[in-house]
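# Tertiary structure, described
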Amino acid sequence: MVVIGAGAVGENAADYAHRAGLSVAMVESELVGGECSYWACMPSKALLRTGHAVAAVHRLPGTTASFDPQAVLARRDSFTHDWDDASQVEWAEGAGITVVRGHARITGEKTVAVGGEVLTARHAVVVCTGSTPVTPPVDGIDTVRTWGSREATSTKDIPPRLGVLGGGVVGCELAKAFQRLGSQVVLLQHGPRLLPSMEEFAGERVAAALRAEGVDLRLDTTLESVAPDGDGIALHVAGESITVDELLVATGRRPHTADVGVETVGLEPGKPLEVDDSGLVTAVDGGWLYAAGDVTGRAPLTHQGKYDARIVGAAIGARAAGRPVDTAPWGEHSATADHAAVPQVVFTDPEVAVVGRTGKQAREAGIDVRVVDLPIAVGGSSLQADGYDGAARLVVDEGRGVLVGVTFVGQDVAEMLHAATVAIVGEVPLARLWHAVPAYPTMNEVWLRLLEAYRSA
Ligand SMILES: Cc1cc2nc3c(=O)[nH]c(=O)nc-3n(C[C@H](O)[C@H](O)[C@H](O)COP(=O)(O)OP(=O)(O)OC[C@H]3O[C@@H](n4cnc5c(N)ncnc54)[C@H](O)[C@@H]3O)c2cc1C
């Protein structure tokens, strides 16, 4: 099997296929470990973590805490191993995977060219090439220096003034990180709210917290044009000019299929590789081309891509060995959770932890929905922080008596998310969930309050 792209997803597909008995070559044009390890999840969370810990300390009386932004950058560097992938290569080779350096292009059925070499797969080619940032067509954007998430997460300097374009997850997280690291951040969001794909109260709470810490947040704002301004960049919005030292463009990503040779097998470059639940690319015959991770456009998150990759690797292994393949919903070779049970955390402060559908998405899917909303105000949360301010929502499928969505917003809610994911994936009846007693005094007591509210209405 040949894997194109050795991000977290490619590594998992390779590992699982190798464990299932195949020999595997994994081709990487940059760093083995991909975006998540070097420019996305890990460095961004390292930039956020110290500020969150210090803010949490300040919510307890009688405490003092502060931090050195340079120490945060140094800690970030330790997580990215100074952008050296030796340890990941060592892992891959130790796991029995052959690592090939270079840019890979599909050249036809089961063949992949890397430089002058052609790799021919006996069983399958798996495309795990990730995604690339999208830059919107703003007047003058080509005339100024811009940051993508890579430049932001790998920066060696904290810009005194940072413009952030885009109020999705990446924009919100990095606005928070840099404001706390010492930048004056101005965040421009085209639409009326932050985190538009999530429950409205999540974006509202994140917006209020950003503003409370001094971020100049402008909703419903279009960046009309940009221009160089001395060493900085002038942002023109609503008749006003705002000068920043760096401009982070965080306006989304698209699947990375532009230069992977997909046209040689009849696919359109630049489009996502649509797959079935076992990861097989549906538009290509012959059962040899698979894809997983951001490149499929299904659920562009590391953990979900790795889930897909485990399934792809196992499915290829089973098919190659002539073993049964179970692609029924929730079967061993079906990435069923991608459809309606994807967990995600926005590591702002407050954190936003979501899984499954929002109330609106559930209604649009034709589900008979009941929504239960409560503040997170239990013994556990009051101990966690003085004046703890959080909110929780359950989205219940009334017809089946199960949860289809959960959102928590507040300090330290990320670690509460997996219980919600288990409840949704397990389709645990609410009547049974009533018997899942949260330990006292933890923030999980909010589950009890939510179920009480549901039962008493
Ligand atoms: C700032 C930021 C923060 C994020 N934070 C989180 C988070 O906290 N949690 C989370 O779950 N997700 C997070 N994400 C999303 C996460 O980074 C992606 O979902 C994940 O990296 C996707 O993994 P992947 O393996 O599909 O792609 P990638 O990690 O992009 O890996 C693809 C690899 O393929 C290689 N490649 C591409 N084309 C070729 C070719 N033709 N030949 C050879 N190699 C090739 C690339 O060099 C790359 O190494 C974040 C994203 C960003 C931008």
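All values derive from a computational prediction rather than experimental measurement.

### Some remarks on the sheet that holds strand β18 (residues 343-346)
If you walk across this open sheet you meet the five strands as β18-β19-β22-β21-β20, and the pairing is antiparallel. The strands lining the two open edges of the sheet, one partner per strand, are β18 and β20 (369-375). Strand-to-strand, the axes of this sheet are offset by a mean angle of 10°, without reference to chain direction.

### Quick word on the domain arrangement of the protein
Partitioning the protein into domains gives domain 1 (2-39 + 80-133 + 254-337), domain 2 (141-251) and domain 3 (350-456). A separation of 35 Å is found between the C-alpha centroids of domain 1 and domain 3.

### Some words on the sheet that holds strand β4 (residues 104-108)
Taking strand neighbours across the sheet as the criterion, the three strands line up as β4-β5-β6 in an open arrangement whose pairing is antiparallel. Whereas interior strands pair on both sides, the edge strands pair on one side only; in this sheet they are β4 and β6 (117-120). Strand-to-strand, the axes of this sheet are offset by a mean angle of 35°, without reference to chain direction. Note that β4 and strand β5 (residues 111-114) share four bridges and pair antiparallel. Paired with G108 across the two strands is T111, which belongs to β5.

### A word on the environment of R105
Within the fold, R105 resides in strand β4. Residues R105 and A20, 85 residues apart in the sequence, show an inter-C-alpha distance of 25 Å. Once you skip the residues sitting within four places of it in the chain, R105 turns out to touch T111, V112, A113, D259, V260, G261 and E263.

### A few points about the packing of helix α1 (residues 8-19) against helix α9 (residues 302-321)
Look at α1 against α9: their axes get within 7 Å of each other, and the N-to-C directions meet at 25°. Classified by the interaxial angle, the pair formed by α1 and α9 is roughly parallel. Relative to α9, α1 is oriented so that their crossing is right-handed. Where α1 abuts α9, its residues A8, V9, N12, A13, Y16 and A17 lie against T302, G305, K306, A309, R310, G313 and A314. When its residues are assigned to classes, the contact of α1 with α9 shows seven nonpolar, four polar and two charged.

### Focus: the site of the ligand
Surrounding the ligand, one finds 34 residues, the nearest of these being E28, K45, A104, D294 and T302. Between the ligand and D294 there is a distance of 2.8 Å, counted from an oxygen atom to a side-chain nitrogen or oxygen. The contact in question runs from an oxygen atom of the ligand to an N or O atom on the backbone of P300, over 3.4 Å.

### A word on the packing of helix α7 (residues 169-181) against helix α8 (residues 200-212)
Two quantities define a packed helix pair, namely the angle between the axes and the distance from one axis to the other. Running from amino to carboxyl end, α7 crosses α8 at an angle of 25°, the nearest separation of the two axes being 11 Å. Relative to α8, α7 is oriented roughly parallel. Read as a crossing pair, α7 and α8 show a hand that is left-handed. Contacts between α7 and α8 pair C172, A175 and K176 from the former with V206, A209 and L210 from the latter. Grouping the amino acids of the contact of α7 with α8 by side-chain chemistry returns five nonpolar, no polar and one charged.

How each quantity is defined
- Residues numbered from 1 in each chain as written.
- Predicted model: local features only at pLDDT ≥ 70, side-chain atom pairs only at ≥ 80, totals over all residues.
- Heavy atoms only, no water.
- Pairing = 2+ DSSP bridges.
- Helix = DSSP H or I, 4+ residues; strand = E, 2+ residues; numbered from the N terminus.
- Axes fitted to C-alpha atoms, helices over the stretch in contact; angles between N-to-C directions.
- Domains from an automatic or database assignment.
- Contact = heavy atoms within 4.5 Å.
- Parallel < 35°, antiparallel > 145°, perpendicular 65-115°, else oblique.
- Left-handed = near helix turned anticlockwise from the far one by under 90°.
- Nonpolar A, V, L, I, M, F, W, Y, C, P; charged D, E, K, R; others polar.
- Near = heavy atom within 4 Å.
- Polar contact = N/O pair within 3.5 Å; in protein donor to acceptor, adjacent residues only side chain to side chain.

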